[in-house]
Amino acid sequence: MFSITTLWIPFTLTASVGQVARNAMQRSLTAKLGTWGATNIRFLFGFPFSLLFLGLVLLATGDRLPWPPSVFWPWLLLGAFSQIIGTGLMLLAMTDRSFVVTTAYLKTEAIQTAVFGFVFLGDPLSVMKVVAILVATIGVIVTALRPGGEKRFAEWKPTVIGLGAAAAFALSAVGYRGAIITVEGVSFVTAATTTLVLGLMLQTLLLTIYLLVRAPGILKAILALWRPSMLAGFVGAFSSQFWFLAFALAAAGNVRTLALLEVLFAQAVSYYSFKQKVALREICGIVLIVAGVALLIAV
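Residues numbered from 1 in each chain as written. Predicted model: local features only at pLDDT ≥ 70, side-chain atom pairs only at ≥ 80, totals over all residues. Heavy atoms only, no water.

Right, let's get into the overall build of the protein. Scanning the protein for helices and strands turns up 13 helices and zero strands. Starting at the N terminus and walking to the C terminus, you meet the elements of the protein as α-α-α-α-α-α-α-α-α-α-α-α-α. Per-residue burial over the protein gives 49% buried out of 299 residues. Intrachain contacts of the protein at a sequence separation of at least 6 include 86% that bridge at least 24 residues. A total accessible area of about 14100 Å² is found for the protein, and carbon and sulfur atoms account for 73% of it. (Helix = DSSP H or I, 4+ residues; strand = E, 2+ residues; numbered from the N terminus. Buried < 20%, exposed > 50% of the residue type's maximum accessible area, 1.4 Å probe, protein only. Contact = heavy atoms within 4.5 Å. Areas by Shrake-Rupley, 256 points an atom, 1.4 Å probe, with all protein chains shown as cover.)

Rendered as structure tokens:
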């Protein structure tokens with residue numbers, strides 16, 4: 001059984017599974033909508049579902065609709081802007097020939113999130129937690145690398161892109177957690193869902209205005225593909241809902257470290273769906289990920 005203080009564990013696992021599904025849906029739409037068009041789907045079509053979630057939460061909890069304090073808004077802006085920047089850098093990494101190495105650097109997000117959370121929010125960061133995060137992160141990097149990929153670690157471009165994207169996503173997690181914990185007088189579920197609604201609203205406005213100015217044809221294409229986009233938006237909002245619930249209860253570094261188990265989900269999909277064999281290197285990486293996560297939960 002889970003207590004309130006440990007609910008962040010199933011919340012994070014649910015969000016990770018949802019994120020894998022959402023990424024697969026967005027990937028299938030990228031060829032038709034472009035990278036930014038496919039990215040805007042998670043915001044534009046996710047926002048209405050977040051409003052639905054908020055209505056259900058208010059009915060279930062009996063909470064009033066909160067109005068966040070002034071300190072809430074800088075945190076929300078940090079979370080929303082950083083997520084967009086991180087997404088842009090990640091998309092840039094996908095066009096780079098050093099994609100594998102860049103991806104390995106992206107996986108340092110958990111470490112950076114723990115550090116930023118400690119610095120900006122005072123989230124606890126014990127020695128054993130640091131060890132757990134490092135072990136799990138090393139496991140992900142080992143799993144992500146391919147033979148010969150380590151030769152490119154000395155190059156500056158994949159280093160800057162990968163670490164920059166990881167830092168942006170880390171700041172986004174810290175920003176959202178910082179916003180959620182400032183909402184007082186309501187349950188953590190209402191605080192998290194309110195933050196999700198306002199965050200998606202801001203991101204929808206920003207990216208929609210950008211597309212209107214730079215690529216108005218993409219918006220028409222998005223509306224023409226409303227059925228698959230609606231499903232991707234729902235799954236995106238669903239996974240974000242659980243990310244925010246987890247951030248409401250636990251340090252952002254803990255949440256992002258546990259989320260590294262997403263690599264295991266992806267490996268399982270590759271093995272069972274595509275019959276791809278698992279290399280010894282990948283097995284070693286998976287063992288490290290599981291060990292790091294288990295240690296994090298234990299401490």
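Once the structure has been displayed, the description carries forward.
Turning our eyes to something else, we now look at the pattern of salt bridges. Inspection of the entire model under this criterion finds two salt bridges. Of the charged contacts in the structure, one is a salt bridge between E109 and R256, with a shortest N-O distance of 2.8 Å. Of this pair, E109 sits in helix α5 (residues 109–121) while R256 sits in helix α11 (residues 252–258), and the two are 147 residues apart along the sequence. With respect to class, E109 is no different from R256; both count as buried. (Salt bridge = Lys/Arg side-chain N within 4 Å of Asp/Glu carboxyl O.)

Residues W8, I180, W243, F244, F247, V255 and I289 are the most contacted members of the largest nonpolar core, which totals 52 residues. Not counting the four nearest positions on each side in its chain, I289 is found in contact with A136, G139, V140, T143, L260, L261, V263 and L264. Formed by eight residues, the second largest nonpolar core is a distinct cluster that contains L33, F45, L211 and L219. (Core = buried A, V, L, I, M, F, W, Y, C linked by side-chain atoms within 4.5 Å.)

Aromatic ring pairs: the centre-centre distance and the angle between the two ring planes describe each pair. Counted under the stated rule, the structure contains 11 aromatic pairs. Ring plane angle 40 degrees and centroid distance 6.5 Å describe the contact between F11 and F188, whose orientation is recorded as tilted. Taken together, the residues F11 in helix α1 (residues 8–44) and F188 in helix α8 (residues 188–214) connect sequence positions 177 residues apart. The exposure class of F188 is partly exposed, given its relative accessible area of 23%. (Phe/Tyr/Trp six-rings, centres within 6.5 Å; stacked < 30°, edge-to-face > 60°.)

Attention now moves to the packing of α8 against helix α10 (residues 226–249). It is the contact of α8 with α10, at a shortest axis distance of 9 Å, that shows an interaxial angle of 130 degrees. In terms of axis orientation, α8 runs oblique to α10. The two elements α8 and α10 cross, and the hand of that crossing is right-handed. Counting all contacts with α8, which are made through F188, V189, A192, T193, T195 and L196, the residues of α10 involved are A237, S240, Q241, F244, L245, A248 and L249. In the contact of α8 with α10, the residues fall into nine nonpolar, four polar and no charged. (Axes fitted to C-alpha atoms, helices over the stretch in contact; angles between N-to-C directions. Parallel < 35°, antiparallel > 145°, perpendicular 65-115°, else oblique. Left-handed = near helix turned anticlockwise from the far one by under 90°. Nonpolar A, V, L, I, M, F, W, Y, C, P; charged D, E, K, R; others polar.)

Let's shift gears to a nonpolar patch on the surface. The grouping of M201, L205, I209, L212 and V213 at the surface amounts to a nonpolar patch, some 490 Å² of accessible area in total. Within the secondary structure layout, V213 lies in helix α8. Under the relative-accessibility criterion, V213 is labelled exposed at 63%. (Patch = residues over 30% accessible without salt bridge, like charges linked within 9 Å, V, L, I, M, F, W, Y side chains within 5 Å.)

As a further point, take the packing of helix α2 (residues 46–61) against α10. Packing of α2 against α10 brings their axes to within 8 Å, and their N-to-C directions diverge by 50 degrees. On the basis of their axis angle, the class for α2 and α10 is oblique. Seen from above, α2 lies across α10 with right-handed handedness. Counted together, G46, F49, S50 and F53 of α2 and M230, G233, F234, A237, F238 and Q241 of α10 form the full contact between these two elements. Taken together, the residues that form the contact of α2 with α10 break down as six nonpolar, four polar and no charged.

Taking 1.5 Å per residue, 16 residues should reach 22 Å; α2 reaches 22 Å between its end C-alpha atoms and fits that length. Restricting attention to buried positions, one finds in α2 the residues G46, F47, F49, S50, F53, L54 and V57. One side of α2 carries all its buried residues, which in axial view fall inside an arc of 155 degrees. G62 sits one or two positions beyond α2 and adopts a positive phi of about 80 degrees. (Expected span 1.5 Å × (residues − 1). Arc of directions from axis to C-beta.)

This brings us to the confidence of the model for the protein. Scored by pLDDT, the protein has a mean of 84; 85% of the residues are at 70 or more. Looking across the protein, the model is least confident in helix α4 (residues 99–106), with a mean pLDDT of 62, and most confident in α2, with 96. (pLDDT = per-residue confidence, 0-100.)

Further remarks concern the side chain of T193. By the element assignment, T193 lies in helix α8. Look at T193 and you get buried, because its relative accessible area is 0%. What T193 contacts, discounting residues up to four positions off in sequence, is S50, F53, L54, V57 and Q241.

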